[in-house]
Amino acid sequence: MALEVSVKAAAGAPEVLGDCPFSQRALLTLEEKKIPHKVHLINLTEKPQWFLEVNPEGKVPVVKIDDKWVSDSDVIVEKLEEKYPEPSLATPPEFASVGSKIFVAFVKFLKSKDPSDGSEQALLDELKALDEHLKAHGPYIAGEKITAVDLSLAPKLYHLDVALGHFKKWSVPESLTHFHKYKELLFSRESFQKTKADKEHVIAGWAPKVNA
């Protein structure tokens, strides 16, 4: 029986997959584990009544596991790993936090209006640290095979690429060769191609935050 998963619909296009990186993380996990699933696209500006009844907080993603709707992508990934252990996506504990500060640094730089506030350098430092890690341990964060930490990072790197390219005409330095190979590996996976939002929806999603 297919698992039910509720994820963000695109703003202004409720029939199209939206730009939530946490929703994509849940979908990537389902795809990589080859778990049959049915997707509900949720219009976050007009949340359907049934969705609010099963999920009063109204957050996405949520996945129905053993007749319970589970929220929070960290918890969802953990529960899916427990219930569907094969193929394993468990990340060795020593690698679990690699790259975890990149998204926060990206958002700060994206919103920054002051070129001298250090936010660009802070992001570069995090990206360089990931590049160094991949040089030593790659091609994926935990070595030869993809794990949960990669599936958490992939949507965030996509947002970083699209949003900084559009709003700041900025891209990750070519000198970070291990990072670029890693990104290509992630973005070329079938699971990623099937679950990524269109660039236009990623840009539309960030526009209000950038222009705030």
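Check the entry above for the structure.
In this text the structure is predicted, and so the values were computed from the model without any measurement.

Rules of the game
- Residues numbered from 1 in each chain as written.
- Predicted model: local features only at pLDDT ≥ 70, side-chain atom pairs only at ≥ 80, totals over all residues.
- Heavy atoms only, no water.
- Helix = DSSP H or I, 4+ residues; strand = E, 2+ residues; numbered from the N terminus.
- Buried < 20%, exposed > 50% of the residue type's maximum accessible area, 1.4 Å probe, protein only.
- Contact = heavy atoms within 4.5 Å.
- Polar contact = N/O pair within 3.5 Å; in protein donor to acceptor, adjacent residues only side chain to side chain.
- Phe/Tyr/Trp six-rings, centres within 6.5 Å; stacked < 30°, edge-to-face > 60°.
- Lys NZ or Arg CZ within 6 Å of the ring centre and 35° of its normal.
- Axes fitted to C-alpha atoms, helices over the stretch in contact; angles between N-to-C directions.
- Parallel < 35°, antiparallel > 145°, perpendicular 65-115°, else oblique.

Mapping His-180 onto the fold places it in helix α7 (residues 177-187). Overall, the relative accessible area of 12% leaves His-180 in the buried class. The contacts of His-180, once residues within four sequence positions are left out, are Val-172, Pro-173 and Glu-174.

Another point: the environment of Ser-119. Following the sequence through the fold, Ser-119 ends up in helix α5 (residues 119-137). Filtering out sequence-adjacent residues up to four positions away, Ser-119 remains in contact with Lys-108, Phe-109 and Ser-112. Polar side-chain contacts of Ser-119 include one of 2.8 Å to the side chain of Asp-117.

Attention now moves to the environment of Asp-67. Among the secondary structure elements, Asp-67 is positioned in the loop between β4 (62-65) and β5 (68-71). You can call Asp-67 exposed: its relative accessible area is 67%.

We now examine the packing of aromatic side chains. Within this structure, the stated rule accounts for eleven aromatic pairs. Taken together, the aromatic side chains of Phe-22, Phe-103, Phe-106 and Trp-206 make up a single cluster linked through ring pairs. We note Lys-168 situated over the ring of Phe-109; from NZ or CZ to the ring centre the distance is 5.0 Å.

A word on the packing of helix α6 (residues 148-167) against α7. Running from N to C, α6 and α7 point in directions that differ by 105°, and their axes come no closer than 10 Å. Relative to α7, the element α6 is oriented roughly perpendicular. Mapping the contact onto sequence places Asp-150, Leu-153, Ala-154, Leu-157, Tyr-158 and Asp-161 in α6 and Phe-179, Tyr-182, Lys-183, Leu-186 and Phe-187 in α7.

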